[in-house]
Amino acid sequence: MSSDQGTQIIGYAQPWIVSPGDPVDIKVSSTEKEYDHRLVRLVQGFSGAHAPPVVIEDITEVPVGHHEDGSYQDACAGSYALIPSWAEVAPAAGEGFEVEFHAQPYLLDVGYYCQTLVSCLDVSSRTGFAVVLKNSKLEFFIGTGKEIQVIQSQLLVNRWRWLKITLNIVNNTFTSSIHQLNRLAESAPNGEKMSTALSAPLVLGSNSLMFGASMFKDIDQQSSKASCYYNGRIDSPSFTLTSSSPRTVAKYDFSKEISSDGIVDVSGNGRHGVLINAPTRAVKGYNWDGTQPDWTKASYGYGAIHFHEDDLEDAKWSTNFTITIPSTARSGAYAVEVKCADGTSDMITFFVRPNKNSTAKVALVLTTFTYLAYANERMYDETKSSAMTTPDGVTIGPGNTYYETLSRRPDLGLSAYDVHTDGSPNAFSSALRPILNLRPGYVHWALDRPREFSADLLMVSYLERSGIPYDVITDHCLSIRGNEATKQYETLITGCHPEYHSITSLDAFSSFAKSGGNLMYLGGNGFYWVADVVSDRPHRLEVRKGDQGCRSVTFPAGERMHSLTGTLGGLWRSRGRAPNYLWGIGPCAFGTGPGKPYDIDLKYAQDPKYNWIFKGIDATQPLGEHGFGGGASGDEIDRLDYALGTPSNAVLLGRSQQHDDSFGLFNEDSMFPMVDTLGSTCDMVRSDLVYYETSGGGAVFSVGSINWFCSMAWDNFNSNVFTMTDNVVREFVKRGKGPGEEKK
């Protein structure tokens with residue numbers, strides 16, 4: 001990053017979800033040496049026209065600070081496997097050395113020296129060996145102690161073709177075999193065998209063994225960190241010292257312990273390894289044949305790991321300073337603001353769990369799974385298959401801060417919406433890096449409005465104004481703690497885009513409703529995709545999308561079971577848990593154009609059972625005519641559908657006006673070729689406003705639009721969407737919790 005492009009300062013907090021009294025490490029990358037910091041609680045950050053005032057509360061218990069340690073920090077992207085104990089391997093005099101493995105390259109040419117498949121090469125001592133891919137051909141680097149001899153294959157490697165690679169070194173003779181595997185009944189291309197004289201025997205050296213990367217920048221330059229990353233798959237590598245009595249010194253079965261970050265040596269020698277930056281596991285290997293598409297049940301076919309040059313689990317930045325959250329802190333969204341002398345700043349955002357002394361009965365559930373899924377998304381990149389496409393086209397808003405900042409930092413990892421450089425879909429998103437769209441003033445680069453976190457802060461701003469005691473909890477709280485995270489509360493309110501959930505977080509909402517709790521779904525496109533985190537790595541989210549749903553990536557058949565948990569990814573609807581069952585509505589459409597208002601059903605507005613919802617509202621007028629994204633029904637929207645599980649007692653309070661052709665129906669709702677799927681011709685493209693009372697004695701209120709908060713906060717909360725939201729919140733607070741389902 002060059003300061004010639006202007007001042008830039010960014011950072012991240014570790015961990016990003018904490019409790020009062022916890023320490024938080026702050027990690028900063030800056031073009032300037034000097035900067036200041038302060039701790040703030042975030043209430044409202046969007047500063048557009050008609051927005052409420054920006055509200056950022058100083059936490060004075062934590063002193064402000066001045067620093068002179070600013071420097072550029074690079075996110076160490078690129079995945080690989082590391083086996084430190086390889087240094088113990090010592091061939092006896094006269095023993096040969098054999099390496100055998102399978103490889104499937106996904107990218108043939110890169111903008112750096114080579115791609116390393118396997119290596120223990122130390123270019124400074126000229127020992128060890130490496131197998132690399134360079135200019136679409138394999139090369140073998142052999143260290144003799146005096147030189148590194150380069151042996152070039154003449155076989156042009158094909159993208160996606162599985163190869164069986166064998167190399168054997170006995171004294172001064174090197175032999176190699178490259179066999180191209182066939183797919184089903186095809187005739188595989190010819191392979192290659194060759195033999196070459198070495199100037200001297202291989203000296204194995206004492207370097208660690210690596211898969212997917214190496215410790216050199218080129219044949220003459222050592223690297224202090226992993227380099228020359230491979231984009232592709234490796235399966236079943238083995239290493240044998242050959243003689244009259246061959247002995248296997250390491251043999252790796254990558255199908256073992258798939259949910260972990262370790263690789264297992266099954267030779268009995270204990271040379272196990274560790275995976276760095278979360279390469280993709282639970283992927284098809286060289287012998288996968290479609291017999292079993294579930295890795296948890298398969299006896300073969302899942303022995304591969306897919307490495308990528310742009311995998312990133314942990315940026316591994318140095319900690320610049322540490323703050324401690326006051327023990328009296330309220331729950332909510334917080335940030336450490338870091339600011340340079342010229343005013344350039346960053347709000348390093350993190351979340352604080354509820355204080356143990358809280359007595360709040362209302363909780364806002366911030367959608368931390370969705371924040372991770374979208375973290376640093378690059379759907380603006382038209383060179384990738386994951387670029388956003390819509391009926392009316394997509395453009396980048398002029399002067400968009402997110403786009404401009406992320407464009408300067410291509411090292412900050414991918415989202416669940418991006419494909420890797422090699423074209424394969426990205427499975428993981430991590431919080432251990434700066435997340436540039438997790439900022440209070442974030443404006444979506446194409447939609448030109450607050451979205452996800454910045455839009456959710458509009459609801460925080462409402463709750464602050466309301467005077468109603470409330471807590472903030474997160475998807476992570478629900479997924480890791482389940483019902484324990486919600487037992488204190490009587491009403492749960494969602495964010496604007498609660499799209500990603502695990503089975504545990506879904507069950508937490510369902511159990512809450514059954515126990516008599518009230519639910520307010522104040523967003524759209526919610527409870528749509530399966531997502532997973534595990535408690536020992538809560539910073540890492542896994543998402544694998546199949547061939548249905550509104551998406552920018554598709555995981556191939558046989559690779560849709562999550563590696564962390566072994567559960568099926570994709571749509572919750574496809575797993576029999578359509579959102580309609582609990583929330584009364586489910587996702588149906590998306591559009592980039594201006595939203596539309598709702599028309600209220602006057603029958604319910606005048607019904608004494610429901611007219612409290614419409615108190616202070618002229619029900620003959622459109623609901624939510626204005627907002628930061630047009631009308632209150634916009635962006636991604638949801639509809640009532642009894643066939644998908646909407647409860648039979650659900651009441652349709654209102655429906656959005658007809659959308660234009662910038663909106664399109666989600667593909668899972670169309671079985672024949674896509675006709676009549678745009679807003680002006682498809683009556684399934686709509687938002688439905690729904691209310692129903694649950695078996696537990698509580699109630700559910702759902703609005704079916706990401707745009708809801710953007711209309712609620714319009715003109716400093718001077719809107720009928722605000723009035724309706726306030727009516728429902730206050731009624732639910734007054735009612736409290738129902739008695740819960742009767743036990744049968």
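Residues numbered from 1 in each chain as written. Predicted model: local features only at pLDDT ≥ 70, side-chain atom pairs only at ≥ 80, totals over all residues. Heavy atoms only, no water.

1. Looking at the overall build of the protein chain
Helix and strand counts for the protein chain come out as ten helices and 42 strands. What you see for the protein chain is a C-alpha radius of gyration of 28 Å, in line with the 27 Å of a compact globule of 744 residues. Across the 744 residues in the protein chain, those meeting the buried criterion constitute 62%. The long-range fraction of contacts in the protein chain, counting pairs at least 24 apart against all pairs at least 6 apart in sequence, stands at 73%. Here the protein chain has roughly 27,300 Å² of accessible surface; of this, 48% comes from carbon and sulfur atoms. (Helix = DSSP H or I, 4+ residues; strand = E, 2+ residues; numbered from the N terminus. Rg over C-alpha atoms; globule rule 2.2 N^0.38 Å. Buried < 20%, exposed > 50% of the residue type's maximum accessible area, 1.4 Å probe, protein only. Contact = heavy atoms within 4.5 Å. Areas by Shrake-Rupley, 256 points an atom, 1.4 Å probe, with all protein chains shown as cover.)

2. Points about the sheet that holds strand β38 (residues 636-639)
Judged by pairing direction, the sheet is antiparallel, and its three strands sit side by side in the order β38-β36-β40 without closing on themselves. Edge positions in the sheet fall to β38 and β40 (663-665), since each has one partner strand and no second. For this sheet, the mean inter-axis angle between neighbouring strands, taken without regard to orientation, is 35°. Across three bridges, the pairing between strand β36 (residues 586-591) and β40 is antiparallel. Within the sheet, the bridge partner assigned to A589 lies in β40 and is L665. (Pairing = 2+ DSSP bridges. Axes fitted to C-alpha atoms, helices over the stretch in contact; angles between N-to-C directions.)

3. A look at the packing of aromatic side chains
Tallied over the full model, the rule gives 38 aromatic pairs. Taking the centre distance of 5.2 Å and the plane angle of 55° together, the rings of F140 and F174 count as tilted. Of the two residues, F140 is situated in strand β11 (residues 137-143) and F174 in strand β14 (residues 173-180); the sequence distance between them amounts to 34 residues. Taken as a pair, F140 and F174 share a single burial class, namely buried. (Phe/Tyr/Trp six-rings, centres within 6.5 Å; stacked < 30°, edge-to-face > 60°.)

4. Comments concerning the pattern of salt bridges
Following the criterion strictly, the structure yields 32 salt bridges and no others. One salt bridge connects R41 with E57, and the closest N-O pair in it is separated by 3.0 Å. A residue pair is termed long-range when its members are at least 10 positions apart, and R41 in strand β4 (residues 35-44) and E57 in strand β5 (residues 55-58) qualify at 16 residues. Taking the relative accessible area as the measure of exposure, R41 reaches 2% and is therefore buried. (Salt bridge = Lys/Arg side-chain N within 4 Å of Asp/Glu carboxyl O.)

5. Notes on the domain arrangement of the protein chain
Here the domain parsing of the protein chain yields domain 1 (9-72 + 319-352), domain 2 (80-307) and domain 3 (362-528 + 571-659 + 687-735). If you average the C-alpha positions of domain 1 and of domain 3, the two centres end up 26 Å apart. Across the contact, 30 residues belong to domain 1 and 38 residues belong to domain 3. Of the roughly 2,700 Å² buried between domain 1 and domain 3 on both sides combined, carbon and sulfur atoms contribute 68%. If you sort the residues of domain 1 by the area they bury against domain 3, W16, F46 and H50 come out on top, with a joint share of 23%. There are three salt bridges connecting domain 1 and domain 3. In this structure, R41 engages E464 in a salt bridge whose closest nitrogen and oxygen atoms are separated by 3.2 Å. Linking domain 1 with domain 3 are eleven residue pairs in polar contact (both at pLDDT 80 or more). Broken down by secondary-structure element, the contributors of at least two residues to the side of domain 1 that touches domain 3 are β1 (9-14), β4, β26 (332-339) and β27 (345-352). (Domains from an automatic or database assignment. Buried area = accessible area lost by both parts, 1.4 Å probe. Polar contact = N/O pair within 3.5 Å; in protein donor to acceptor, adjacent residues only side chain to side chain.)

6. Describing the sheet that holds strand β3 (residues 23-30)
Strand order across the open sheet formed by three strands is β1-β3-β25, with antiparallel pairing between neighbours. This sheet does not close on itself; its edge strands, each paired only once, are β1 and β25 (321-324). Strand-to-strand, the axes of this sheet are offset by a mean angle of 30°, without reference to chain direction. Where β1 meets β3, six bridges bridge the pair, whose relative direction is antiparallel. Of the residues in β3, the one forming a bridge with G11 is V28.

7. Details of unusual backbone geometry
In terms of backbone geometry, most residues other than glycine have negative phi values and most peptide bonds are trans. For the bond running from Q14 to P15, omega is 0°, close enough to zero to count as cis. For P15, the location among the structural elements is in the loop between β1 and β2 (17-18). For S136, which is not a glycine, the phi torsion comes out positive at approximately 70°. Structurally, S136 can be placed in the loop between β10 (129-134) and β11. The exposure class assigned to S136 is buried, which follows from its relative accessible area of 11%. Even without being a glycine, E452 presents a positive backbone phi close to 55°. Within the secondary structure, E452 sits in the loop between β29 (428-430) and α3 (453-466).

8. A word on a negative patch on the surface
A cluster of acidic side chains, namely E34, D36, E68 and D69, defines a negative patch on the protein surface. Checked against the element boundaries, D36 lands in strand β4. (Patch = residues over 30% accessible without salt bridge, like charges linked within 9 Å, V, L, I, M, F, W, Y side chains within 5 Å. Lys, Arg positive; Asp, Glu negative; His and termini not counted. Charge placed at Lys NZ, Arg CZ, Asp CG, Glu CD.)

9. Considerations on the nonpolar core
A general feature of soluble globular proteins is that nonpolar side chains tend to end up buried together. Ranked by internal contacts, the top residues of the largest apolar core, which has 120 residues, are F350, F701 and W708. Among the elements that line this core, the one with the most residues is α3, at eight residues. The two domains that each donate at least three residues to this core are domain 1 (9-72 + 319-352) and domain 3 (362-528 + 571-659 + 687-735). Discounting residues that sit within four places of it in the chain, F350 has contacts with A13, W16, V18, V24, L39, I323, I325, G332, A333, Y334, A335 and V336. (Core = buried A, V, L, I, M, F, W, Y, C linked by side-chain atoms within 4.5 Å.)

10. Concerning the side chain of E377
Relative to the assigned elements, E377 resides in the loop between α1 (368-373) and α2 (401-407). Within polar-contact distance, the side chain of E377 engages the backbone nitrogen of M379 at 2.8 Å. What E377 contacts, discounting residues up to four positions off in sequence, is Y402, L406, S415, Y417, D418, N437, Y442, H444 and W445.

11. Overview of the packing of α3 against helix α10 (residues 720-735)
Where α3 contacts α10, the two axes come as close as 12 Å, and the packing angle between them is 60°. By the angle between their directions, the pair α3 and α10 is classed as oblique. Handedness of the α3/α10 crossing: right-handed. Where α3 approaches α10, its residues M459, Y462 and S466 are matched on the opposing element by F722, T725, D726, V729 and R730. (Parallel < 35°, antiparallel > 145°, perpendicular 65-115°, else oblique. Left-handed = near helix turned anticlockwise from the far one by under 90°.)

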